[in-house]
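Structural features, examined
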Amino acid sequence: MTAKVADHILERLRAWDVSCVFGYPGDGINGLLAAWGRADDRPRFIQARHEETAAFEAVGYAKFGHRLGVCVATSGPGAIHLLNGLYDAKLDHVPVLAIVGQTDRSAMGGSYQQEVDLHTLYKDVAGDFVETVTVPEQLPNVIDRAIRTAYARRCPTAVIVPGDVQELDYSPPTHEFKMVPSSLDRSAWTALPSPTALRRAADVLNSGDKAALLVGQGAGGARAEVEEIADLLGAGVAKALLGKDVLSDELPHVTGAIGLLGTRPSYELMRDCDTLLTIGSSFPYAQFLPEFGSARGVQIDIDPHMIGMRYPYEVNLVGDARATLRQLIPMISKERRETGREWQREICANVERWRGVLERRAELAADPVNPEFVARALDPLLPDDAIVTCDSGSTANWFARHLTMRGDMRASLSGTLASMGCGVPYAIGAKFAHPNRPVVALVGDGAMQMNGMAELITAAKYRHRWDDPRLVVGVWNNQDLNQVTWEMRSMGGAPAFLPAQSLPDVPYAEFARSIGLTGIRVEHPDDVTEAWRAALAAEGPAVVEFLTDPAVPPIPPHATWDQLESTAAAVLKGDTDRTAMVKQGLKAKAQEFFGSKKD
């Protein structure tokens, strides 16, 4: 039988070592689905419950697997549904390929059913490479370029294939005019700054006494080098949320997350430093970086497009983080290596004090369960090889502050798009990237209702394909879109607008049990730790539903007493059952948070 275009697409994916594709079927990709049947499901077709979650699963697979994620969808609505997950890939710089069906060529331009101008639609999200295949000879070049571009530029790309083209006999490009041949090889390469730029950067770093490092996901392959330069400079290290797993939190000078969801030591580190070295991060909130003019700065990033932003750096080094640091480390002067020790001891003391604050905050009484305690109870139970995903919402505060990265742990969330609904799909993608590792998803009830419950069905469907059956979904059930509620209170001085913020109380654990998974519901703080233990010991996916208190505020690290009092007043404008608790407890929480200081 003559191979079809669809057969060749799958063959080329296999040649690029693509082992699974996340998607949802539809008649716009019938040719591809038939090819999958002829190929004995190679690469494996992973059926999500929705195209958006298929794209999120491809992103999770790529983030945690350090390789290309692939998703597929039918024409029209299917292609449209992929967009949110693909934008997540674009903003977090993750290599993902979308293969999308399209109306038959003969119907295009005729306002046909499900006809959408996909090339225009995808031009922004997949702007680095989006192409429509109209003849077989365009392949394999189009597939190869889409994959190379996704890897090289760490971005989503898209290949659009009309339905009738999928079923054409495949014929390769020939040795003729206006034919474009292709090749599979993708050799490794390393980018390095010039020696002059490295020398200038070393001069800046050698000039300071109080160094601060800010690391993001771009430093992920340079753990040893980041540790070494931090030690040489006597520096503290703050982490952007996408860089949470770059360094172990067991290092005493690692101050944790930075920003609204960050820690007080990270805030103080940036406030008081005189030198800033940013590695592999485009953390966007300049107000959490040193005051302009108070610190000299150096940035390292592999992407020239992302360099020189966020802070007035003196030297911008374009290069691979690991290779660049290896060149830079020998340039740190002997004199500089002997300074900064008192500064680093101060940082370590701040971190130790902060850990005590977090412990006290997690132990505060709440109605019924303190959401911080839920995260803190999980922390010591996580295996050293766990992969942790987190959804967007107030849960991200507890993920950022209470989970200690150690060993080979990995962790991520929708860092730049901050999209709700990614936590469970990310976890499923992570399980396919690492079927032999435990995965834990931390999800609010809003995100769980949005995408999470449906994707539990996907977890149930594929649970037997994973060597390690552990996939634990922790749900913070507070019947409130809590992060937005607190933003309204703290930024706008407004009470929660209940018609928009209040959520129905859904029995998440019961739903999990109804589809054959482990389901545990926790209504009392005494049961929290044992529930996490039971879920991590379950022989398959498990959902742990915690009834948490929405009145526990995610206090930002730079908050003042006046702001807290204003927030409390905003809470009290709403006549809810929990206002008495807020009135009595918020000041106590603030005292625990700030200690005896009021600055």
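Thresholds applied
Residues numbered from 1 in each chain as written. Predicted model: local features only at pLDDT ≥ 70, side-chain atom pairs only at ≥ 80, totals over all residues. Heavy atoms only, no water. Pairing = 2+ DSSP bridges. Helix = DSSP H or I, 4+ residues; strand = E, 2+ residues; numbered from the N terminus. Axes fitted to C-alpha atoms, helices over the stretch in contact; angles between N-to-C directions. Contact = heavy atoms within 4.5 Å. Buried < 20%, exposed > 50% of the residue type's maximum accessible area, 1.4 Å probe, protein only.

In spatial order, the strands read β14-β13-β15-β16-β18-β17; together these six strands make up an open sheet with parallel pairing. Of all strands in the sheet, those with a lone pairing partner are β14 (410-413) and β17 (518-522), marking the two edges. Across the sheet, the mean angle separating the axes of adjacent strands is 15° when strand polarity is ignored. Pairing geometry for strand β15 (residues 439-444) and strand β16 (residues 471-477), over six bridges, is parallel. Considered in β16, the bridge of L442 is made with G474. Its contacts with the sheet place helix α17 (residues 423-433) against β13 (387-390), β14, β15 and β16, and it is angled at close to 170° to β15.

With that settled, the discussion passes to helix α1 (residues 5-15). Among the eleven residues that make up α1, eight are buried, leaving the element largely enclosed by the rest of the structure. Those residues of α1 not exposed but buried are V5, A6, D7, H8, I9, L10, R12 and L13. Its buried side turned inward, α1 meets β1 (20-23), α2 (30-38), β4 (96-102), α7 (141-153), β6 (156-162) and α8 (163-166). A positive backbone phi angle near 65° is found at D17, which sits one or two residues after α1.

Below, the discussion takes up the environment of L261. Structurally, the position occupied by L261 is in the loop between β9 (254-257) and α11 (264-272). The spacing of L261 and A400 is 139 residues in sequence and 6.4 Å in space, taken between C-alpha atoms.

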